[in-house]
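# Remarks on the overall topology
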Amino acid sequence: MIQILGIKRVLGIMLLLALNGALAAGIYFYYMPQNVKLTRDLRTVRAQVSDKQVQTERLRTEFQQIQEQKARFEVLTAAGFFSDQSRVVARQRIEAIKDFTHVLKARYDIQAAQIETGQQADEAGYVILNSPVTIDVDALDDVDFYNFVYWIENAFPGHVSVTSFKVQRLMDVNDATLRQIGNGVPAVLIKGTVTFNWRTMIPKPATPGTVAGG
């Protein structure tokens, strides 16, 4: 074969075979493990990117929730929810609602505030005050009484939760009552009663059992 191909060609073929063997060994012993390592590193990087995307979405959601809670907090603060239950302020607000809704009289009874427990309030360092309130209303018309209840729910400081109300018509409108009203003498045609829980939040008292306000 050497005589046929010549020694130079045989040496060239052997050199090519040696180079191919070296390349095959390099691919097997270096490039293939390196490729496995790069594939593993790529999976790790992709997992890290996915984890970062999850964290980013979680932070975005938490930020949005914080903004919403901040907005609700500002609304509650403006409504007087974070305040002590001043009876003076309550009387002034009842009188203002009475005049605005044109009811004739509004006699109220505010019971002593009771402390309610709540996990979120406790964790925030606050306590919830709950005072049951009853208001007896004299009115000329039942619409005036319903307006009074509406504004108690929406304009009273803090949070109001109506538990009951009742309306009673004392007399019908007739010539006698119309003459009485025309002469400037108030005629009580409607008597109503509304009962509600008045809640506010205040910082937790330093001494247990003490409540601000009154």
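This text follows the structure it describes.
Residues numbered from 1 in each chain as written. Predicted model: local features only at pLDDT ≥ 70, side-chain atom pairs only at ≥ 80, totals over all residues. Heavy atoms only, no water.

## Thoughts on the packing of helix α3 (residues 87–101) against helix α5 (residues 142–155)
- Running from N to C, α3 and α5 point in directions that differ by 140°, and their axes come no closer than 9 Å. It follows from the interaxial angle that α3 and α5 lie oblique. Here the hand of the crossing between α3 and α5 comes out right-handed. Residues Arg93, Ile94, Ile97, Lys98, Phe100 and Thr101 of α3 pack against Asp144, Asn147, Phe148, Trp151, Ile152 and Ala155 of α5. (Axes fitted to C-alpha atoms, helices over the stretch in contact; angles between N-to-C directions. Helix = DSSP H or I, 4+ residues; strand = E, 2+ residues; numbered from the N terminus. Parallel < 35°, antiparallel > 145°, perpendicular 65-115°, else oblique. Left-handed = near helix turned anticlockwise from the far one by under 90°. Contact = heavy atoms within 4.5 Å.)

## Here we look at α5
- Here α5 spans 20 Å end to end across 14 residues, near enough to the 20 Å set by a 1.5 Å rise per residue.
- Within α5, burial applies to Asp144, Phe145, Phe148, Val149 and Ile152. Buried positions in α5, seen along its axis, are confined to an arc of 140° and lie on one side of it.
- Here the buried face of α5 lies against α3, β1 (105–110), β3 (126–139), β4 (159–169) and β5 (190–203). (Expected span 1.5 Å × (residues − 1). Buried < 20%, exposed > 50% of the residue type's maximum accessible area, 1.4 Å probe, protein only. Arc of directions from axis to C-beta.)

## Describing the packing of aromatic side chains
- Inspection of the entire model under this criterion finds seven aromatic pairs.
- On the numbers, 5.4 Å between centres and 85° between planes, the contact of phenylalanine 100 with tryptophan 151 is edge-to-face. Note that phenylalanine 100 is positioned in helix α3 and tryptophan 151 in helix α5, a separation of 51 residues in sequence.
- Overall, phenylalanine 100 belongs to the exposed group, its relative accessible area being 55%.
- Centre to centre, the rings of tyrosine 150 and tryptophan 151 are 5.1 Å apart; their planes meet at 85°, and the pair counts as edge-to-face.
- Note on tyrosine 150: relative accessible area 43%, which makes it partly exposed.
- The exposure class assigned to tryptophan 151 is partly exposed, which follows from its relative accessible area of 32%. (Phe/Tyr/Trp six-rings, centres within 6.5 Å; stacked < 30°, edge-to-face > 60°.)

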